[in-house]
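Survey of secondary and tertiary structure
In case you want the letters, here they are:
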Amino acid sequence: MAGQSRCGNDCDIAVIGGGVVGLSVAYGLASRGLAVTLLDEGDVAYRASRGNFALVWVQGKGIDLPDYARWTMGSAAAWKNFAETLRRDSGIDLALEQRGGLMACLSERELEDRTAQMSRLHNAAPDCANVETLDHRQIKELLPEIGPDVVGGTFCRHDGHVNALRLFGALHEACLRRGIAYRPNAPVEALVQMANGFRIATPSGEIRARRLVLAAGLGNAKLAPLVGLAAPVRPQRGQVMVTEKLAPFLKFPLGTIRQTDEGGVMLGDSKEEVGFDTGSSHQVLGTIAAHAVKVFPLLAGAQIVRSWGALRVMSPDGYPIYDRSVSCPGAYLVTCHSGVTLAAAHASTIAEAIATDIWPDAIAAFSARRFGDVPAAA
Ligand SMILES: Cc1cc2nc3c(=O)[nH]c(=O)nc-3n(C[C@H](O)[C@H](O)[C@H](O)COP(=O)(O)OP(=O)(O)OC[C@H]3O[C@@H](n4cnc5c(N)ncnc54)[C@H](O)[C@@H]3O)c2cc1C
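Residues numbered from 1 in each chain as written. Predicted model: local features only at pLDDT ≥ 70, side-chain atom pairs only at ≥ 80, totals over all residues. Heavy atoms only, no water.

Mapped onto the elements of the fold, Ser90 is located in helix H2 (residues 66–90). According to the relative accessible area criterion, Ser90 is buried, its value standing at 3%. In terms of polar contacts, Ser90 uses its side chain to reach the backbone amide nitrogen of Ile92, at 3.0 Å. (Helix = DSSP H or I, 4+ residues; strand = E, 2+ residues; numbered from the N terminus. Buried < 20%, exposed > 50% of the residue type's maximum accessible area, 1.4 Å probe, protein only. Polar contact = N/O pair within 3.5 Å; in protein donor to acceptor, adjacent residues only side chain to side chain.)

Turning our attention to the sheet that holds strand S5 (residues 131–135). Pairing is antiparallel across the open sheet formed by 3 strands, whose spatial order is S4-S6-S5. Since the sheet does not close on itself, it has two edges, and those belong to strand S4 (101–105) and S5, each with one partner. The mean angle between the axes of side-by-side strands here comes to 25 degrees, regardless of whether they run parallel or antiparallel. Two elements, S5 and strand S6 (residues 152–156), share 5 bridges in a ladder whose sense is antiparallel. In the sheet register, Leu134 faces S6, and the bridge partner there is Gly153. (Pairing = 2+ DSSP bridges. Axes fitted to C-alpha atoms, helices over the stretch in contact; angles between N-to-C directions.)

Turning our attention to the environment of Arg88. Its location among the elements puts Arg88 in helix H2. Judged by relative accessible area, which is 54%, Arg88 ranks as exposed. Distance in space between the C-alpha atoms of Arg88 and Ala30 is 15 Å, their sequence separation being 58 residues.

Moving on, we come to the packing of H2 against helix H8 (residues 343–356). Running from N to C, H2 and H8 cross one another at 90 degrees; their axes reach a closest spacing of 7 Å. It follows from the interaxial angle that H2 and H8 lie roughly perpendicular. When H2 is examined against H8, the residues Trp71, Ser75, Ala78, Trp79 and Phe82 are found in contact with a partner set consisting of Ala343, Ala344, Ala345, Ala347, Thr349 and Ile350. Per-class residue counts for the contact of H2 with H8 are 9 nonpolar, 2 polar and no charged. (Parallel < 35°, antiparallel > 145°, perpendicular 65-115°, else oblique. Contact = heavy atoms within 4.5 Å. Nonpolar A, V, L, I, M, F, W, Y, C, P; charged D, E, K, R; others polar.)

Partitioning the chain into domains gives domain 1 (10–52 + 165–232 + 317–371), domain 2 (101–156) and domain 3 (234–314). For domain 1 and domain 2, the distance between their C-alpha centres works out to 36 Å. (Domains from an automatic or database assignment.)

Time to look at the nonpolar core. Residues Trp79, Phe82 and Ile354 are the most contacted members of the largest nonpolar core, which totals 63 residues. Among the secondary structure elements, those contributing two or more residues to this core are strand S1 (10–16), helix H1 (20–31), strand S2 (36–39), H2, helix H3 (108–124), helix H5 (164–177), strand S17 (331–335) and H8. Top contributing element to this core by residue count: H2, with 9 residues. Mapped onto the domain boundaries, this core takes at least three residues apiece from domain 1 (10–52 + 165–232 + 317–371) and domain 2 (101–156). Each residue touching Ile354, except ones within four places of it in the same chain, is listed here: Ile13, Val25, Leu29, Arg211, Val213, Tyr332, Val334 and Trp359. Ranked by size, the runner-up nonpolar core spans 24 residues in total, among them Ile16, Leu223, Ala331 and Ala368. (Core = buried A, V, L, I, M, F, W, Y, C linked by side-chain atoms within 4.5 Å.)

So, on to H5. Over its 14 residues, H5 runs 20 Å from end to end, which matches the ideal 20 Å to within 8%, given 1.5 Å per residue. Residues of H5 that are buried include every one of Ala164, Leu167, Phe168, Ala170, Leu171, Ala174, Cys175 and Leu176, and no others. The elements touched by buried residues of H5 are H1, H2 and strand S8 (181–183). Positive backbone phi, at 90 degrees, marks Gly179, one or two positions downstream of H5. (Expected span 1.5 Å × (residues − 1).)

To describe a pair of aromatic rings, you give the distance between the ring centres and the angle between the ring planes. Scanning the model with the defined rule gives 9 aromatic pairs in all. When the centroid spacing of 5.7 Å and the interplanar angle of 70 degrees are considered together, the rings of Trp71 and Tyr322 count as edge-to-face. Of this pair, Trp71 sits in helix H2 while Tyr322 sits in strand S16 (residues 321–324), and the two are 251 residues apart along the sequence. Grouping residues by exposure puts Trp71 and Tyr322 together as buried. (Phe/Tyr/Trp six-rings, centres within 6.5 Å; stacked < 30°, edge-to-face > 60°.)

As a further point, take the side chain of Ser49. When you line up the elements, Ser49 lands in the loop between S2 and strand S3 (55–56). The exposure class assigned to Ser49 is buried, which follows from its relative accessible area of 12%. If we skip the residues at most four places from it in the chain, Ser49 touches Gly19, Val20 and Phe168.

Okay, structure coming up:
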């Protein structure tokens, strides 16, 4: 560990949750000079950050909420600098590629629907991502291995991908080097507000923090009401598989197929409402594989080396929740799906909002108040 931990049981700010969201916020707070303690439940916890698809993805985001289209676009645009700063702070290259991304369509009807959706989004947020519709011939010029069943698709040049495990490792290393006190195996069991901060109870002892950030993914649902907040998040399973390493053939990702910097091809991902079940099934994996082979017939001969199921952290409308508590000042909530795409925004705008306690207009739309009957938040 290159840096010295500047706090432990008594700190400026405690971040609860060591997934990609908590790490990004903690990194941003420590970069602003705050003494941060990061508490994480540990390997037994549900962890979306370890099972995701690693896209930095813009196209199609915010169909019903233009503020989210802008928020996503801002984070994607900040990713290059974020990756470079993180590389300097951690010594780890994230293998970020932002040369565009494609959603492939297998029928004229699908292509028409997708194009209509993208123009609806463009009309609602014209300052955001420009998405082009490509026909089969245009895609073939870009991706010669595309299959004959792909009639066309939508392409956005702001889309990209990273190596998600390296992102996780780099954030962790950079946090340590910035002096964050990291407490693994520290599930938070209780939160109590005092005159000058919070008492945070874990099985291995108590932490005192002047302020706290709830970034515990699905764990936020239980923790938020303890400090006058609401996190109505539910698990949504996605299944993913990865092939053996193949010679490079995919120079940019598709929404459900991407070739990693190491050569393996990741295929995913389903959207299943199965509660807290992280299993995988032959039926779903078979459907994902059959679709991938239609898009890229060369995948028919590839060996699958690993598959898994992981749980997304979904709010009722799928958009993030960013809040600060009125009844317990100093308590904040940060939770979302798309924590990879939004990592750059979490380490900058969200960390700045929490550090200064000034909530910018850009995140006003993401309060849990939009869901109605939840505790009031500022
Ligand atoms: C299949 C799949 C594909 C995805 N693809 C993408 C993608 O392509 N691009 C993208 O941007 N996003 C993607 N995501 C979403 C992304 O992975 C998540 O947004 C992100 O991982 C959420 O991070 P998190 O830190 O909020 O939650 P998690 O990773 O779940 O971490 C929560 C952490 O909180 C800790 N915790 C929980 N309760 C407590 C407690 N009481 N006390 C202390 N600690 C606690 C846990 O130990 C855990 O480490 C995908 C997700 C899935 C599942």
